[in-house]
Amino acid sequence: MSAPLFKYGLFGDEASLLVAFAIGIGFGFFLERAGFGSARKLVAQFYLTDLAVFKVMFTAIVTAMLGLTYLAWMGALDLSLVYLVPTHWAAQVVGGLLLGAGFVIGGYCPGTSLAAMATGRVDGLVYVLGILAGTMSFAALFPVLRGLYLAGDAGAKTLPQLFHLPHGLVVFAVVLMALGGFYGAGVIEGRSRAGEERG
Amino acid sequence: MATTIPHRAQPYTNPYLAGIGLGLVLLAAFVTMGRGLGASGAFSAFVAWVANGVAPGYVARSEYLSPYIGDGSSHPLKAWLVFEVVGVFAGALLSGLLAGRVKRTIEKGPRVSNGVRLSLAFAGGMLMAIGADLARGCTSGQALTGGALLNAGSWAFMMCVFGGAYAVAWFLRREWT
Amino acid sequence: MRWRWGSLSVNQKLGVGALGLGFVALFAQPGRGSVVTLDVKELATIIDTEGDHVTVGELAGWIVAGRSDYRLIDLRTDEEYAAYHIPNAENVTLTGLPDAPLERNEKIVLYSEGGIHGAQAWMLMRARGYASTYTLKGGLDQWKEDVLFPALAENATPAERARFERAAARARFFGGSPRSGAGVAIKALPDMPKVEAPAVPAGGAPAAPKKKKEGC
């Protein structure tokens, strides 16, 4: 009846760390299952030869989104108690572009680099060291980046709130978009494969 | 690692089935904790902890790192994301072992040397960390978690990640293809 | 129909399933608190187990520790708020409460002069689905009594004295003044501290979070 369980005080801080570990195991397991411990598999997304990144990510988003919607609809989960990272337009646009560039240059993102490291990828390990160096740099540059970090503050905001649309309509639109995308991904992959065969 | 086990690595799972698995893990995080997954925050906590050991004064003055230390009442690494990230490592190792995919190797295209690839991995990691710190999250904390929550900023972020990646992909084709 | 379903690939079946679930979700109304359910027994239990309030001592501890995981709401009038308010408090009058930009996943602490308005506002907030709302027990009166101007009776035991010393240090932190000795008998409280006097972190912004726990 009352999810999120932690926010209703059904277990404490110590137990939440065990939950964190268990959830992490699930997360890492499926990342590796999907092939996300391999930089070549990940980066193929951006050379249009294998769109697994898009497929896995959007399937996960759709699954969790539908689960949340139905649980909240049944009254089993209070959606308003789930933490939303506040929207800061400028910081998130610039951060997203940098992150996307770093993805192709380095071959991973933070979560997948751990999966790569765990499965013996030396470049994954070096990438993790790069993340640590980057975090240090960000902390050192924070006084300069502070303005950008805080720019475009819109508070915690969802797409239904932003566009003044019913939640269910946005959910349906995302499902349609994802299914359309999956179909398109298949077409693109087919075309790249045909291109390779032609030489 | 030196002993080569004569059995082939299994192929990867159907992306849609892996995606559903990932989505259910994410849903479990929402239901139990009221929060999603993450990764980059754990790295920030780790960096804050190391820096605090080396130069506590610097960390105390740092507006970005000091919140990860807090008032000192609890250990900086005793944080939800840190435990989760340790789990990610363990889970990936488990899956890799079960599928015979754990192998010491460097992922790269055929036209690039190991040295160049590792330098680029380091540079990419740095750039990614700066982007993630700026955006308050990475592909897991923003794109995946915020995507499922229909968080407005996360969707803008996700579009920009794909945009940024496709924009530089052509220039880096020698690294991968 | 049956044989056709069987002829679909796994991916196509998943796609049809997602489409169906997505379509039904069109009619879902998981509204963020637009549906009001008031469990009278649950509320009564919360009140009975004192789960509806925070004490002034707890609140003072949060402010000293620089916690920012809560919103402190001053329900009094603008003038009263301008004259004095607890550090980090935001001014939202009782009538303005329904339109205040408060999120249901925030920890909200309400206070007024005494305990009554805070408690009434607590009921209103709970009814609107703000599950982690609390009142400040005893309101601002209690805050003055315990935090700003703690008193020490003349015949205090050593344990009481030790406790008073800690309270006195806390009172000075908030710009108040501890009372001890003969003055205690006098009921009137000393002057209120100036609003800016309490040690609010520079910039007037809420204190830095004690520990960043959310986010990626």
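Not measured: the values here are computed from a predicted model. (Residues numbered from 1 in each chain as written. Chains lettered and ligands numbered in written order. Predicted model: local features only at pLDDT ≥ 70, side-chain atom pairs only at ≥ 80, totals over all residues.)

J.: Summarise the overall build of chain B; cite the residues concerned and give the values.
T.: In terms of regular secondary structure, chain B is built from nine helices and zero strands. Reading the secondary structure of chain B in the N-to-C direction produces α-α-α-α-α-α-α-α-α. Residues classed as buried in chain B amount to 60% of the 177 residues present. (Helix = DSSP H or I, 4+ residues; strand = E, 2+ residues; numbered from the N terminus. Buried ≥ 20, exposed ≤ 12 C-beta atoms within 10 Å, placed from the backbone.)

J.: Describe the nonpolar core, naming the residues involved and giving the relevant values.
T.: Ranked by internal contacts, the top residues of the largest apolar core, which has 139 residues, are M65 of chain A together with L26 of chain B. Among all residues touching M65 of chain A, those that are not within four sequence positions of it are V171 and V174 of chain A together with A148 and L150 of chain B. In this structure, A89, M125, L136 and F149 of chain C belong to the second largest nonpolar core, which totals 29 residues. (Core = buried A, V, L, I, M, F, W, Y, C linked by C-beta atoms within 7 Å. Contact = placed C-beta atoms within 7 Å.)

J.: Account for the interface of chain A and chain C, naming residues and giving values.
T.: One widely used convention gives an interface's size as the accessible area the parts lose upon coming together. On the chain C side, the residues contacting the 23 residues of chain A number 22 residues. The element best represented in the side of chain A that touches chain C is helix α8 (residues 167-198) of chain A, accounting for nine residues. Residue classes in the side of chain A that touches chain C are distributed as 18 nonpolar, four polar and one charged. (Nonpolar A, V, L, I, M, F, W, Y, C, P; charged D, E, K, R; others polar.)

J.: How would you summarise the interface of chain A and chain B if you had to cite specific residues and measurements?
T.: On the chain B side, the residues contacting the 108 residues of chain A number 107 residues. Contributions of two or more residues to the side of chain A that touches chain B are made by α1 (13-33), α2 (39-43), α3 (52-73), β1 (87-88), α4 (89-106), α5 (110-118), α6 (122-150) and α7 (159-163) of chain A. At 20 residues, α6 of chain A tops the list of elements feeding residues into the side of chain A that touches chain B. When its residues are assigned to classes, the side of chain A that touches chain B shows 72 nonpolar, 28 polar and eight charged.

J.: Requested: an account of unusual backbone geometry, with residues and values cited.
T.: The phi torsion at H164 of chain A lies on the positive side, around 55°, for a residue other than glycine. Mapping H164 of chain A onto the fold places it in the loop between α7 and α8. Its 6 C-beta neighbours within 10 Å are what place H164 of chain A among the exposed residues. In the Ramachandran plot, L150 of chain B falls in the positive-phi region, its phi being about 60° despite a non-glycine side chain. Here L150 of chain B shows up in the loop between α7 (139-148) and α8 (152-169). By the C-beta count within 10 Å, which is 25 here, L150 of chain B ends up buried.

J.: Break down α5 of chain A for me, citing the residues and quoting the values.
T.: All names here are of chain A. Among the nine residues in α5, nine count as buried, and that is most of the element. Where α5 is concerned, the buried positions are P110, G111, T112, S113, L114, A115, A116, M117 and A118. Positive phi shows up at G120, right after α5, with a value of about 90°.

J.: A description of the confidence of the model for chain C should follow, citing residues and the corresponding values.
T.: Caution is warranted with low-pLDDT regions, since their predicted coordinates should not be read in detail. Residue and element names in this part refer to chain C. Residues at a pLDDT of 70 or more form 77% of chain C, whose mean pLDDT is 76. Between residues 197-216, whose pLDDT stays under 50, and residues either more than four places distant or in other chains, the model counts 53 contacts. With a pTM of 0.74, the predicted complex shows an ipTM of 0.94. (pLDDT = per-residue confidence, 0-100.)

J.: So what about the sheet that holds strand β3 (residues 89-91) of chain C? Which residues, and what values?
T.: Residue and element names in this part refer to chain C. Ordered in space as β1-β5-β4-β2-β3, the five strands form an open sheet in which the pairing is parallel. Strands with a single pairing partner mark the edges of an open sheet, and in this sheet they are β1 (53-54) and β3. As defined by bridge partners, strand β2 (residues 70-74) adjoins strand β4 (residues 107-111) across five bridges and the pair is classed as parallel. Residue L72 lies in a different strand from β4, and its bridge partner there is V109. Across the sheet, helix α6 (residues 116-127) lies against β4 and β5 (133-136), angled at about 175° from β5, the strand it touches most. (Pairing = 2+ DSSP bridges. Axes fitted to C-alpha atoms, helices over the stretch in contact; angles between N-to-C directions.)

J.: I'd like to hear about the packing of helix α2 (residues 40-54) of chain B against helix α6 (residues 114-135) of chain B, residue by residue, with values.
T.: Residue and element names in this part refer to chain B. With their axes 10 Å apart at the nearest point, α2 and α6 run at an angle of 100° to one another. The angle between the axes of α2 and α6 places the two elements in the roughly perpendicular class. Contacts between α2 and α6 involve S40, F43 and S44 from the former and A129, A132 and D133 from the latter. Tallied by class, the residues present in the contact of α2 with α6 amount to three nonpolar, two polar and one charged. (Parallel < 35°, antiparallel > 145°, perpendicular 65-115°, else oblique.)

J.: How would you summarise the packing of α1 of chain A against α5 of chain A if you had to cite specific residues and measurements?
T.: All names here are of chain A. Running from amino to carboxyl end, α1 crosses α5 at an angle of 75°, the nearest separation of the two axes being 10 Å. In terms of orientation, α1 and α5 fall into the roughly perpendicular class. Of the residues in α5, those in contact with G28, L31 and E32 of α1 are G111, T112, L114, A115 and A118. Residue classes in the contact of α1 with α5 are distributed as four nonpolar, three polar and one charged.

J.: With reference to specific residues and values, describe the environment of G186 of chain A.
T.: As for its placement among the helices and strands, G186 of chain A is situated in helix α8. Residues G186 of chain A and Y83 of chain A, 103 residues apart in the sequence, show an inter-C-alpha distance of 34 Å.

J.: Can you break down α1 of chain A residue by residue, with the values?
T.: With 21 residues, α1 of chain A extends 30 Å from end C-alpha to end C-alpha; this agrees with the ideal 30 Å at 1.5 Å per step. Positive backbone phi, at 95°, marks G35 of chain A, one or two positions downstream of α1 of chain A. (Expected span 1.5 Å × (residues − 1).)

J.: Tell me about the environment of A28 of chain B, and please be specific about residues and values.
T.: You can see A28 of chain B is positioned in helix α1 (residues 15-33). Residues contacting A28 of chain B, with those up to four places away along its chain left out, are I23 and G26 of chain A.

J.: Describe the pairing of β4 of chain C, naming the residues involved and giving the relevant values.
T.: All names here are of chain C. For β4, the tally of buried residues reaches four of five residues, placing the bulk of the element in the interior. As defined by bridge partners, β4 adjoins β5 across three bridges and the pair is classed as parallel. Following the sheet pairing, L110 is matched in β5 by T135. The β-α-β motif built from β4, the intervening α6 and the parallel element β5 has right-handed crossover chirality. (Right-handed = clockwise from strand over helix to strand, strands pointing away.)

J.: Give a description of the environment of A39 of chain B that names residues and reports values.
T.: Residues and elements named next belong to chain B. Within the secondary structure, A39 is located in the loop between α1 and α2. Residue classification places A39 among the buried residues on the basis of 27 C-beta atoms within 10 Å. A sequence separation of 20 residues divides A39 from V59, and the C-alpha atoms of the two residues are 21 Å apart.

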